[in-house]
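# Breakdown of the fold
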Amino acid sequence: TGSDDPVTPILDARLALMPAAEYLASSLPVRGSAPSSASAERAALAMLEQAGWPELGARLQVPMCDLEPYERRVVELLGTAATAPALLILDEPLAGVGADELPRLLLLLRHQAAQRALLLLVHDAGPLPLYDWPVPARVMWLHDGRVQDSAPAVPDAIEPLPASPAVPTPPPAP
């Protein structure tokens with residue numbers, strides 16, 4: 001598929017079944033012919049080492065869909081960051097991540113925030129100590145796609161807004 005093609009279920013399935021090494025290597029710029037599987041694995045190992053996740057090197061031949069949620073998040077984040085975007089948009093980057101892996105994944109996110117603009121979309125900002133990040137951060141509360149409130153990310157500012165008004169349930173059809 002071309003780079004302007006929308007994501008399709010077939011493309012999603014192909015990515016899900018792709019080994020982690022191939023996923024990471026596919027993000028790297030290619031000069032000449034596509035890299036061999038051995039050079040793709042070496043590049044993936046180097047990315048994991050540099051990011052502080054060398055133990056994931058043993059899982060590089062595992063399909064993306066069979067990785068643990070935190071492993072998949074790390075591979076996806078490193079693969080996306082390898083393309084050197086100016087803005088990195090992450091939707092629920094901590095979903096499915098356990099308490100043991102959370103501090104290391106937050107460290108990886110903070111490292112990314114120091115290198116580029118980072119937009120995190122989360123339902124629960126509790127695990128994100130944004131006031132401790134290397135760059136200024138803002139928190140925005142959205143409802144129905146509209147900004148409801150915004151504040152600097154300081155320890156006492158990250159409070160959830162009151163629950164949104166209940167949407168009335170339509171009466172049952174006759």
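As a starting point, this report considers the structure included with it. Residue positions within a chain follow its written sequence, with the count starting from 1. For a predicted model such as this one, the threshold for reporting local features is a pLDDT of at least 70, and the threshold for listing and counting side-chain atom pairs is 80 or more; totals across whole chains, interfaces and linings nevertheless cover every residue. Side-chain measures were taken over the full set of non-hydrogen atoms in the model, leaving aside hydrogen atoms and water.

## Concerning a nonpolar patch on the surface
- Only residues whose relative accessible area exceeds 30% and that form no salt bridge enter a patch; like-charged residues are grouped when within 9 Å of one another, and nonpolar side chains (Val, Leu, Ile, Met, Phe, Trp, Tyr) when within 5 Å. Calculation of accessible area relied on Shrake-Rupley with a 1.4 Å probe; when residues are assessed, cover is drawn exclusively from the protein chains displayed. Here, a salt bridge means any side-chain nitrogen of Lys or Arg that lies within 4 Å of a carboxyl oxygen of Asp or Glu. On the surface, Leu87, Ile89, Leu119 and Leu121 cluster together into a nonpolar patch covering about 330 Å² of accessible area.
- Checked against the element boundaries, Ile89 lands in strand β1 (residues 87-91).
- Accessibility here uses a 1.4 Å probe with only protein chains present; expressed as a share of the type maximum, an area under 20% marks a residue as buried, one over 50% as exposed, and anything in between as partly exposed. A relative accessible area of 49% places Ile89 in the partly exposed class. Helix and strand definitions follow DSSP, with helices as H or I runs of at least four residues and strands as E runs of at least two, each counted in order from the N terminus.

## Digging into the pattern of salt bridges
- The full count for this structure, using the stated rule, is two salt bridges.
- Put simply, Glu71 and Arg59 hold a salt bridge, and the shortest N to O gap is 3.0 Å. Taken as a pair, Glu71 in helix α4 (residues 69-81) and Arg59 in the loop between α3 (37-51) and α4 lie far apart in primary sequence, twelve residues in all.
- For Glu71, a relative accessible area of 5% translates into the label buried.
- Residue classification places Arg59 among the partly exposed residues on the basis of a relative accessible area of 27%.

## Looking at the side chain of Ser27
- Mapped onto the elements of the fold, Ser27 is located in the loop between α2 (20-26) and α3.
- Exposure remark for Ser27: the relative accessible area of 14% places this residue in the buried category.
- Separated by 3.4 Å, the side chain of Ser27 and the backbone oxygen of Tyr23 make a polar contact.
- The residues contacting Ser27, other than those within four sequence positions of it, are Gly79, Thr80, Ala82 and Thr83. Within 3.5 Å is the distance limit for a polar contact, defined as a pair of N or O atoms, with the added protein rule that one can donate a hydrogen and the other accept it, and that residues adjacent in sequence qualify only through two side-chain atoms. Residues count as neighbours in contact if any of their non-hydrogen atoms are within 4.5 Å of one another.

## As for the packing of α4 against helix α5 (residues 102-115)
- Interaxial angle, 0 to 180 degrees, is taken between N-to-C directions of lines fitted to C-alpha atoms, where a helix line uses only the stretch in contact. Packing of α4 against α5 leaves a shortest axis separation of 11 Å and a crossing angle of 10°. Classed by the angle they form, the pair α4 and α5 counts as roughly parallel. Side by side, α4 and α5 meet where Arg73, Val74, Leu77, Leu78 and Ala81 of the first sit next to Leu105, Leu108, Leu109 and Gln112 of the second.
- Note that Gly is not counted as nonpolar here; it falls among the polar residues with everything else outside the nonpolar set of Ala, Val, Leu, Ile, Met, Phe, Trp, Tyr, Cys and Pro and the charged set of Asp, Glu, Lys and Arg. Its residues placed into classes, the contact of α4 with α5 shows seven nonpolar, one polar and one charged. Throughout, the term roughly parallel applies to angles under 35 degrees, roughly antiparallel to angles over 145, roughly perpendicular to angles from 65 to 115, and oblique to all others.

## Some details on α5
- Between its first and last C-alpha atoms α5 spans 20 Å; for 14 residues at 1.5 Å apiece the expected length is 20 Å, and the two agree.
- Of all the positions in α5, only Leu102, Leu105, Leu106, Leu108, Leu109, Gln112 and Ala113 are classed as buried. Considered in projection along α5, the buried side chains sweep an arc of 155° and stay on one side of the axis. Projecting away from the buried face of α5 at angles above 90 degrees are the exposed residues Leu107 and Ala114.
- Along its buried surface, α5 packs onto α3, α4, β1 and β2 (117-121). Take the number of residues in a helix, subtract one, and multiply by 1.5 Å to get its expected span. The arc in question is the one spanned by the directions pointing from the helix axis to the C-beta atoms.

## Remarks on empty space enclosed by the protein
- Detection works on a 1 Å grid of protein atoms alone, calling trapped sets that fit a 1.4 Å probe cavities and calling open sets with protein on both sides within 12 Å along at least five of seven lines pockets, with lining residues defined by an atom within 4 Å of a point. Grid points are joined across faces, edges and corners, and a volume is the space filled by probe spheres set on the points. Tallying each qualifying case throughout the model produces one cavity of 30 Å³ or more.
- Of the pockets and cavities examined, the largest cavity occupies roughly 30 Å³.
- Around the largest cavity, the lining residues are Ala20, Leu48, Leu56, Arg59, Leu60, Leu67, Glu71 and Val75.
- Taken together, the residues of the lining of the largest cavity break down into six nonpolar, no polar and two charged.

## Describing α4
- Between its terminal C-alpha atoms α4 stretches 18 Å, which fits the 18 Å expected from 13 residues at 1.5 Å a residue.
- Along α4, the positions that sit buried rather than exposed are Tyr70, Glu71, Arg73, Val74, Val75, Leu77, Leu78, Gly79 and Ala81.
- Packing partners of the buried residues in α4 comprise α2, α3, β1 and α5.

## Topic: the nonpolar core
- Within the largest apolar cluster, 29 residues are counted, with the highest numbers of intra-cluster contacts made by Leu24, Leu48 and Val74.
- Elements with a minimum of two residues in this core: α2, α3, α4, β1 and α5. To define a nonpolar core, start from buried Ala, Val, Leu, Ile, Met, Phe, Trp, Tyr and Cys residues and group those joined through side-chain atoms within 4.5 Å.

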